[in-house]
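The lines below spell out each chain.
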Amino acid sequence: MAGPSSPALDSFAAAVAADGLVAVEGGRTHWEIGGLCPAETRLVRAPAGVRSFDPAEMTVRVGAGTLVEELDAALAEAGQRANLPVAANATVGGVLAVGRDGLHALGRGRLRDALLEAVYASDEGRLVKAGGPTVKNVSGFDLCRLLVGSLGTLGLVGEVVLRTWPRPAAGIWMAGQCAPRELRRRLYWPSSILWDGRTSWVHLEGHEPDVEAEASLARSLGCETVDGPPPLPDFRVPAGALDAQAPDARKPRGRFVVQVGTGTAYVSAPGPAPDPDPAVVVLHRRLKAQFDPRGRLNPGRDPLAAA
């Protein structure tokens, strides 16, 4: 479907339409994930700025080049937030293209669930709209979910509509030598549970009475209030890959932190990445051939190589 037009989006699409290899540049906070573009790749920037925000409908339309910090500050004025990890210099489009959930995916949901609509430039420089600005938009193929984590290899996103949520009134981090499975079983809705093999960290957020009640239960399980989560090791891997990192069957090599309930872990010494399922490789190639037959968009990047 042809996407909505604006001077900024038209200019962006025209820049993408020019000949040669092209990539969209954001804050470069995850620039090397999935591989680097060749030196001859032309770089373009997506439009920036909040175009519209409807607190009652809990949706915001924003340029993909907008800094996540700026979007977060704008939403905070209305007591809302978007489910995007807030990191210095990261852009909205960059975070969605990389597709990595934040530390609160357990309680807040997946990053892909925040994206309701995307307007992207195709390999031909045409504006295409995927999704729609409603939470219950379920008709047709959910192309928005396909774009999240694609590293811009299927289309260069220029503008998005995001779902927003109320900002929690209270929040607290707690930690202790308690079993992470027990925390997840006993607590009603923890936003995050982390575990390094000995210590568990849990983040509770919501209305103050609810947080106080959950904190009391966490204390009964051996947790105490702490300043925040632990520093994370440098490398992100599937949680199931921890066994492959282990020198024996009992202890993973180096420091690790598991993000409980999300299938994600962080390790200090990663091993070789497992080979993707051959069926997934075939599907990936078919999608790339359909969306970018000339291989112009974000060349050199491979979503299958991004942990």
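Engineer: Can you explain the overall build of the protein chain? Please cite residues and give values.
Structural biologist: Along the protein chain, the regular secondary structure elements total nine helices and 15 strands. For 307 residues, the compact-globule estimate of 2.2 N^0.38 gives 19 Å, and the C-alpha radius of gyration of the protein chain, at 21 Å, lies within 12% of that figure. Its C-alpha atoms give the protein chain principal-axis dimensions of about 60 × 50 × 35 Å. Here the protein chain holds 307 residues, and the buried ones make up 45% of them. A separation of at least 24 residues holds for 70% of the contacts in the protein chain among residues at least 6 apart in sequence. For the protein chain, the accessible surface area stands at approximately 15,500 Å², while carbon and sulfur atoms represent 53% of it. In the protein chain, 33 side chains carry a positive charge and 34 a negative one; their mean positions are 4 Å apart.

Engineer: I'd like a rundown of the domain arrangement of the protein chain, residues and numbers included.
Structural biologist: For the protein chain, the domain assignment lists domain 1 (7-166) and domain 2 (170-269). Just the C-alpha atoms count here: the centres of domain 1 and domain 2 sit 29 Å apart. Taken residue by residue, the interface counts ten residues in domain 1 and 17 residues in domain 2. Each partner contributes to the roughly 1,100 Å² buried at the junction of domain 1 and domain 2, and carbon and sulfur atoms together form 51% of this total. Contact with domain 2 buries surface across domain 1, with Leu103, His104 and Leu106 losing the most and accounting together for 57% of the total. A salt bridge links glutamate 205 to arginine 108; its shortest N-O distance comes to 2.8 Å. One can count seven residue pairs in polar contact (both at pLDDT 80 or more) joining domain 1 with domain 2. Split into classes, the residues belonging to the side of domain 1 that touches domain 2 amount to three nonpolar, three polar and four charged.

Engineer: Residues and numbers for the nonpolar core, please.
Structural biologist: In this structure, Leu84, Val92, Val160 and Leu162 are the most contacted members of the largest nonpolar core, which totals 36 residues. Of all the elements in the fold, those that place two or more residues in this core are helix 1 (7-17), strand 4 (59-63), helix 2 (68-76), helix 3 (92-98), strand 6 (115-121), strand 7 (127-131), helix 5 (143-147) and strand 8 (156-166). Counting residues per element, this core draws most heavily on strand 8, which supplies five residues. In this view, leucine 162 contacts Met58, Thr59, Val60, Val62, Leu71, Ala82, Leu84, Val92, Leu96, Ala114, Leu115 and Leu116; residues no more than four positions away in its chain are not counted. One finds Leu183, Val237, Leu242 and Phe256 within the second-largest nonpolar core, a separate group that totals 23 residues.

Engineer: Would you mind going over the pairing of strand 4 in detail, with residue names and values included?
Structural biologist: Where burial is concerned, most of strand 4 is hidden: five out of the five residues are buried. A two-sided burial pattern is seen for strand 4, the buried positions comprising Thr59, Arg61 and Gly63 on one face and Val60 and Val62 on the other. Sheet topology note: the strand 3 (residues 50-54)/strand 4 ladder contains four bridges and is antiparallel. In the sheet register, valine 50 faces strand 4, and the bridge partner there is valine 62. Between strand 3 and strand 4, which pair antiparallel one after the other, the connecting turn spans four residues, and methionine 58 there sits at a positive phi close to 60 degrees. Summarising the sheet, strand 4 and strand 8 pair through five bridges and their orientation is antiparallel. Within strand 8, the residue paired with arginine 61 across the bridge is valine 161.

Engineer: I'd like to hear about the side chain of threonine 41, residue by residue, with values.
Structural biologist: Looking at the secondary structure, you find threonine 41 in the loop between strand 1 (22-24) and strand 2 (42-44). A distance of 2.9 Å separates the side chain of threonine 41 from the backbone oxygen of proline 38, its partner in a polar contact. Threonine 41 has contacts with Leu21, Val22, Ala23 and Pro299, leaving out every residue within four places of it along the chain.

Engineer: Give a detailed account of helix 7 (residues 208-220), specifying residues and quantitative values.
Structural biologist: The end-to-end C-alpha distance of helix 7, which contains 13 residues, comes to 18 Å, matching closely the 18 Å that a straight helix rising 1.5 Å per residue would cover. Of all the residues in helix 7, the buried ones are Val211, Glu214, Ala215 and Ala218. Looking down the long axis of helix 7, one finds its buried residues gathered within 105 degrees of arc, a one-sided arrangement. Exposed and facing more than 90 degrees away from the buried side of helix 7 are Pro209, Glu212 and Ser220. Those residues of helix 7 that are buried lie in contact with strand 9 (170-176) and strand 11 (200-206). Backbone geometry just downstream of helix 7 places glycine 222 in the positive-phi region, at approximately 110 degrees.

Engineer: Now, about the packing of aromatic side chains: what can you tell me, with residues and values included?
Structural biologist: Taken as a whole and judged by the stated rule, the model has two aromatic pairs. With 6.0 Å between their ring centres and 75 degrees between their planes, tryptophan 195 and phenylalanine 256 make a pair best called edge-to-face. Placement of tryptophan 195 in strand 10 (residues 192-195) and of phenylalanine 256 in strand 14 (residues 256-259) is noted, with a sequence separation of 61 residues between them. With relative accessibility at 11%, the residue phenylalanine 256 sits in the buried group. The cationic tip of arginine 28 hangs over the ring face of tryptophan 31; the distance from NZ or CZ to the ring centre is 4.2 Å. Over the ring of tryptophan 31 we find arginine 301; its NZ or CZ atom is 4.2 Å from the centre of that ring.

Engineer: Could you give an account of the pattern of salt bridges, naming the residues involved and the relevant values?
Structural biologist: Under the definition given, this model contains 14 salt bridges. A salt bridge links aspartate 101 to arginine 110, with the nearest nitrogen and oxygen atoms 2.7 Å apart. Owing to a relative accessible area of 28%, arginine 110 belongs among the partly exposed residues under this scheme. Its salt-bridge partner being aspartate 292, residue lysine 288 comes within 2.6 Å of it at the nearest N-O pair. Linked through salt bridges whose partners overlap, the residues forming this network are Arg51, Arg61, Glu117 and Glu159.

Conventions adopted
- Residues numbered from 1 in each chain as written.
- Predicted model: local features only at pLDDT ≥ 70, side-chain atom pairs only at ≥ 80, totals over all residues.
- Heavy atoms only, no water.
- Helix = DSSP H or I, 4+ residues; strand = E, 2+ residues; numbered from the N terminus.
- Rg over C-alpha atoms; globule rule 2.2 N^0.38 Å.
- Buried < 20%, exposed > 50% of the residue type's maximum accessible area, 1.4 Å probe, protein only.
- Contact = heavy atoms within 4.5 Å.
- Areas by Shrake-Rupley, 256 points an atom, 1.4 Å probe, with all protein chains shown as cover.
- Lys, Arg positive; Asp, Glu negative; His and termini not counted.
- Charge placed at Lys NZ, Arg CZ, Asp CG, Glu CD.
- Domains from an automatic or database assignment.
- Buried area = accessible area lost by both parts, 1.4 Å probe.
- Salt bridge = Lys/Arg side-chain N within 4 Å of Asp/Glu carboxyl O.
- Polar contact = N/O pair within 3.5 Å; in protein donor to acceptor, adjacent residues only side chain to side chain.
- Nonpolar A, V, L, I, M, F, W, Y, C, P; charged D, E, K, R; others polar.
- Core = buried A, V, L, I, M, F, W, Y, C linked by side-chain atoms within 4.5 Å.
- Pairing = 2+ DSSP bridges.
- Expected span 1.5 Å × (residues − 1).
- Arc of directions from axis to C-beta.
- Phe/Tyr/Trp six-rings, centres within 6.5 Å; stacked < 30°, edge-to-face > 60°.
- Lys NZ or Arg CZ within 6 Å of the ring centre and 35° of its normal.

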